[in-house]
Amino acid sequence: MTVAFNKNETKGVFKILISLMKVDGVIEKREIDYLSGLTATFGVDTTLLKDADLLDFDNAITILKNLNDDQKQIVMSLMLKMMDSKNSSNIKENKMYFDIITRANFKMPGL
């Protein structure tokens, strides 16, 4: 099954990913490489990427909250892969991840 995201949903997803990348104040090359790969996969241009970065975080949460369950599972996976692209575990990223999935009403796998 292929799951698609519209332009606004894509903007919300990228806002969250950019926020996860920036939360600790250190942006690593592996994070940039991962985000770069996703922009190609999602067909995101620099304008949409800039719009995503400027999007209010709470608006991005609202966008994610309105995704269907399949889309939310994909976003959870993307966030975890972004976090894994770091050289080490980061408490700020972990906290933000759980804040996002809680506020956007994501279902934890297996629950």
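Residues numbered from 1 in each chain as written. Predicted model: local features only at pLDDT ≥ 70, side-chain atom pairs only at ≥ 80, totals over all residues. Heavy atoms only, no water.

1. Remarks on the pattern of salt bridges
Note that side chains of opposite charge can pair when their charged atoms are close.
Part 1 of the argument: Here the structure, examined in full by the defined rule, presents 5 salt bridges.
Part 2 of the argument: In this structure, the salt-bridge partner of Lys29 is Asp33, at a minimum N-O distance of 2.8 Å. Of this pair, Lys29 and Asp33 both sit in helix H2 (residues 29-42), 4 residues apart, roughly one helical turn.
Part 3 of the argument: Using a relative accessible area of 40% as the deciding quantity, one classes Asp33 as partly exposed.
Part 4 of the argument: Between Lys107 and Asp69 there is a salt bridge whose closest N-O contact spans 3.1 Å. Residue Lys107 is located in the segment after helix H6 (91-103), and its partner Asp69 is located in helix H5 (residues 69-84); the two are separated by 38 residues in the primary sequence.
Part 5 of the argument: Here the salt bridges share partners, and the residues they tie into one network are Asp58, Asp99 and Arg103. (Salt bridge = Lys/Arg side-chain N within 4 Å of Asp/Glu carboxyl O. Helix = DSSP H or I, 4+ residues; strand = E, 2+ residues; numbered from the N terminus. Buried < 20%, exposed > 50% of the residue type's maximum accessible area, 1.4 Å probe, protein only.)

2. Some points on unusual backbone geometry
Part 1 of the argument: Positive phi values are uncommon outside glycine, yet Asn105 reaches one of about 60°.
Part 2 of the argument: Assignment of secondary structure puts Asn105 in the segment after H6.

3. Some details on the side chain of Asp24
Part 1 of the argument: Looking at where Asp24 falls in the secondary structure, it is placed in the loop between helix H1 (7-22) and H2.
Part 2 of the argument: Note on Asp24: relative accessible area 17%, which makes it buried.
Part 3 of the argument: Leave out the neighbours within four places in its chain, and Asp24 touches Lys86, Asn90, Lys92 and Glu93. (Contact = heavy atoms within 4.5 Å.)

4. Regarding the packing of aromatic side chains
The geometry of an aromatic ring pair is captured by the separation of the ring centres together with the interplanar angle, meaning the angle of the planes.
Part 1 of the argument: On inspection of all chains with the given rule, the structure shows 3 aromatic pairs.
Part 2 of the argument: Their ring planes at 85° and their centres at 5.5 Å tell us that Phe14 and Phe42 sit as a pair that is edge-to-face. Here Phe14, found in helix H1, pairs with Phe42, found in helix H2; they are 28 residues apart in sequence, far enough to count as distant.
Part 3 of the argument: Between Tyr97 and Phe98 the ring centres are 5.1 Å apart and the planes differ by 80°, which places this aromatic pair in the edge-to-face class.
Part 4 of the argument: Judged by relative accessible area, Phe98 falls into the partly exposed class, the value being 46%. (Phe/Tyr/Trp six-rings, centres within 6.5 Å; stacked < 30°, edge-to-face > 60°.)

5. Examining the packing of H1 against H5
Part 1 of the argument: At a minimum axis separation of 10 Å, H1 and H5 run at an interaxial angle of 25°. Between H1 and H5, the angle is such that the two are roughly parallel. Crossing handedness for the pair H1 and H5: right-handed. Between H1, through Glu9, Val13, Ile16, Leu17, Leu20 and Met21, and H5, the contact on the second element is made entirely by Gln71, Val75, Leu78, Met79, Met82 and Met83.
Part 2 of the argument: Grouping the amino acids of the contact of H1 with H5 by side-chain chemistry returns 10 nonpolar, 1 polar and 1 charged. (Axes fitted to C-alpha atoms, helices over the stretch in contact; angles between N-to-C directions. Parallel < 35°, antiparallel > 145°, perpendicular 65-115°, else oblique. Left-handed = near helix turned anticlockwise from the far one by under 90°. Nonpolar A, V, L, I, M, F, W, Y, C, P; charged D, E, K, R; others polar.)

Treat this as a map of the structure, not an account of what it does.
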